Amino acid sequence: MLGRLGDTAITFDELDSDLFIGINEIKLCACGTSYHAALASSYLFERYAKVRTSVEIASEFRYKEPLMAPDTLFIVISQSGETADTLETLKMAKEAGLKTVTICNVDNSSMVRMADATILTRAGIEKGVASTKAFATQMAVLWMLSLHIASERKTLAQSEIARHMAALREVPSAVKVEDELHERLKRLSKRYLHGHGFFFIGRDVFFPLALEGALKLKEISYLHAEGYPSGEMKHGPIALADPGLFTIALMPENMLYDKTKSNVEELSARDSTICSISPKPFNLADDFIPVGERSHYMLEFFEMMVVVQLLSMEVAIRLGNDVDMPRNLAKSVTVE
Ligand code: M6R
């Protein structure tokens, strides 16, 4: 955020002022965790900047013979800047004459060299295979970018932008998990080492966060986990609910709390084991992980992000796994 989040405005010195001129759509393209950041930010781009936004998994986009209109801003997101599938989509977008932006953690990487403009996430070197701080910084950049575009397009009142900027300043404290909470996660983790699977569920931006929580858990614990939009459970997945199915419910106070709650109640009625992550106690939960009361749902997002990362880590440690170098995975996927 340094140098970008000012007193009265969000600025990206690395972007030309005419970058957004003539743009009617944003297309975000990425893989893995970066794809989850893309999906989460698509809610913010539409909600704040009022730009039609689509999200693509790079390995799918490559071969679908996509239509690429010149009024689309093509944004790739990548920690490494070397992921083969994402790099190829960037090449395709350039060849189609689209304006391109890379959101990346590694300066001078292939994607940074290829895109018209780059926003560096400045997470520092990320060694662990499971992406964590890269995801956090991608989300911070994407939230700021959605507000920056909203300001350029005048789709949000200045007072609203100021409210978001105040929330952004609280992100560092939201991601600082207190020892007491970490201890609680460590103790709880012993109850989540068996069972036949995990459902991480959430609504709105908490759906991509649910996908990300499930990905973290499966990468380092090797347990089966899936992320779902809370409202989708009744369309099939709820058939799996029983005490051996662990539901990790993301229940933020500031985003569709009652809707999510009623979805979790349905799972509870089918006897799924429920672990709720929320600032509000939930009496049907078997386990409750309390997070802070926040003024903005994105602050709840950032705190819950760290909570699901730490929960995965504690489960994986108890199972005796190497959390930095999990099996079968590489940090940078430079082959198809
Ligand atoms: O370097 P990238 O962000 O392009 O990498 C994309 C994925 O390979 C990466 O996010 C992967 O899913 C991580 N292991 C997730 O923790």
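Given the structure is predicted, the values throughout are model-derived calculations rather than measurements.

Participant: Looking at this structure, I do not really get helix 3 (residues 84-95). What am I missing?
Facilitator: A turn of α-helix holds 3.6 residues, and therefore any two residues three or four places apart point the same way. End to end, helix 3 covers 17 Å across twelve residues, agreeing with the expected 16 Å (1.5 Å per residue, within 8%). Along helix 3, the residues that are buried comprise Ala-84, Asp-85, Thr-86, Leu-87, Thr-89, Leu-90, Met-92 and Ala-93. Of the residues one or two after helix 3, Gly-97 is the one with positive phi, at around 85°.

Participant: For this particular structure, what's the right way to read the packing of helix 1 (residues 32-49) against helix 9 (residues 206-221)?
Facilitator: A pair of packed helices is captured by two measures, namely the crossing angle of their axes and the spacing between those axes. Running from N to C, helix 1 and helix 9 cross one another at 165°; their axes reach a closest spacing of 8 Å. When the axes of helix 1 and helix 9 are compared, the pair comes out roughly antiparallel. The way helix 1 lies across helix 9 gives a crossing that is left-handed. Contacts between helix 1 and helix 9 involve Gly-32, Thr-33, His-36, Leu-39, Ala-40 and Tyr-43 on the former and, on the latter, Phe-207, Pro-208, Leu-211, Glu-212, Leu-215 and Lys-216. Tallied by class, residues from the contact of helix 1 with helix 9 come to seven nonpolar, three polar and two charged.

Participant: Hey, could you run me through the pattern of salt bridges in this one?
Facilitator: If charged atoms from side chains of opposite charge come close, those side chains can pair. Within this structure, the stated rule accounts for 17 salt bridges. A salt bridge links Arg-4 to Glu-14, with the shortest nitrogen-to-oxygen separation between them at 2.7 Å. Taken together, the residues Arg-4 in the segment before strand 1 (25-30) and Glu-14 in the segment before strand 1 connect sequence positions ten residues apart. A salt bridge links Arg-62 to Asp-85; the shortest N-O distance between them is 2.7 Å. Of this pair, Arg-62 sits in the loop between helix 2 (58-61) and strand 3 (72-78) while Asp-85 sits in helix 3, and the two are 23 residues apart along the sequence. The same class applies to Arg-62 as to Asp-85, namely buried.

Participant: Quick question: what am I supposed to make of the site of the ligand here?
Facilitator: Surveying the vicinity of the ligand reveals 15 residues, the closest of which are Ser-34, Ser-78, Gln-79, Thr-83 and Glu-219. When the ligand sits alone it has 410 Å² of accessible area, and the protein chains cover 91% of it. For the shell around the ligand, the elements supplying multiple residues, two or more each, are helix 1 and helix 9. Its residues placed into classes, the shell around the ligand shows five nonpolar, eight polar and two charged.

Participant: Just to check I follow, could you spell out the sheet that holds strand 4 (residues 99-104) for this structure?
Facilitator: Strand pairs in the sheet, formed through backbone hydrogen bonds, run parallel or antiparallel to each other. Taken together, five strands build an open sheet; the order of strands is 2-1-3-4-5 and the sheet is parallel. The open sheet terminates on both sides in strands that have one partner only, identified here as strand 2 (52-57) and strand 5 (117-120). Along the sheet, successive strands turn relative to each other by an average axial angle of 20°, direction set aside. Looking at chain direction, strand 4 and strand 5 are connected through four bridges and run parallel. From the neighbouring strand, Val-101 faces strand 5, where its bridge partner is Ala-117. Its contacts with the sheet place helix 3 against strand 1, strand 3 and strand 4, and it is angled at close to 160° to strand 3. This element, helix 5 (residues 133-153), spans strand 1, strand 3, strand 4 and strand 5 of the sheet and lies at about 160° to strand 3.

Participant: How should I be thinking about the environment of Gly-32 in this particular structure?
Facilitator: Examined against the element boundaries, Gly-32 turns out to sit in helix 1. Overall, Gly-32 belongs to the partly exposed group, its relative accessible area being 39%. Along the primary structure Gly-32 and Glu-212 are separated by 180 residues, whereas in three dimensions their C-alpha atoms are 8.4 Å apart.

Participant: Help me understand unusual backbone geometry in this model?
Facilitator: With glycine set apart, most residues show a phi of negative sign, and most peptide bonds adopt trans. You will see that Arg-122, though not glycine, has its phi angle at about 55°, which is positive. Topologically, Arg-122 is positioned in the loop between strand 5 and helix 5. If you check the backbone angles, Asn-328 has positive phi at about 65° while not being a glycine. On the basis of relative accessible area, Asn-328 is assigned to the exposed category, the value being 76%.

Participant: Looking at this model, I keep getting lost on the side chain of Thr-102. Mind explaining?
Facilitator: Structurally, Thr-102 is set in strand 4. For Thr-102, the residues in contact, after removing those within four places along its chain, are Val-76, Leu-90, Met-111, Val-112, Ala-115, Ala-117, Thr-118 and Ile-119.

Participant: Quick question: what am I supposed to make of the domain arrangement of the chain here?
Facilitator: Accessible area lost upon the coming together of the parts is a frequently used measure of interface size. Annotation of the chain at the domain level lists domain 1 (17-164) and domain 2 (173-318). Facing the 20 residues of domain 1 at the interface are 20 residues of domain 2. Taken together, the two surfaces of domain 1 and domain 2 that pack against each other cover about 1600 Å², and 70% of this comes from carbon and sulfur. Summed over the three residues of domain 1 that lose the most area to domain 2, namely His-36, Phe-135 and Trp-143, the buried surface amounts to 30% of that side. At the junction of domain 1 with domain 2, the criterion picks out one salt bridge. The partner of Asp-204 in a salt bridge is Arg-47, and the shortest N-O contact between them spans 2.4 Å. One can count eight residue pairs in polar contact (both at pLDDT 80 or more) joining domain 1 with domain 2. For the side of domain 1 that touches domain 2, the elements supplying multiple residues, two or more each, are helix 1, helix 5 and helix 6 (158-169). With nine residues, the single largest contributor to the side of domain 1 that touches domain 2 is helix 1.

What counts, and where the lines are drawn
Residues numbered from 1 in each chain as written. Predicted model: local features only at pLDDT ≥ 70, side-chain atom pairs only at ≥ 80, totals over all residues. Heavy atoms only, no water. Helix = DSSP H or I, 4+ residues; strand = E, 2+ residues; numbered from the N terminus. Expected span 1.5 Å × (residues − 1). Buried < 20%, exposed > 50% of the residue type's maximum accessible area, 1.4 Å probe, protein only. Axes fitted to C-alpha atoms, helices over the stretch in contact; angles between N-to-C directions. Parallel < 35°, antiparallel > 145°, perpendicular 65-115°, else oblique. Left-handed = near helix turned anticlockwise from the far one by under 90°. Contact = heavy atoms within 4.5 Å. Nonpolar A, V, L, I, M, F, W, Y, C, P; charged D, E, K, R; others polar. Salt bridge = Lys/Arg side-chain N within 4 Å of Asp/Glu carboxyl O. Near = heavy atom within 4 Å. Areas by Shrake-Rupley, 256 points an atom, 1.4 Å probe, with all protein chains shown as cover. Pairing = 2+ DSSP bridges. Domains from an automatic or database assignment. Buried area = accessible area lost by both parts, 1.4 Å probe. Polar contact = N/O pair within 3.5 Å; in protein donor to acceptor, adjacent residues only side chain to side chain.

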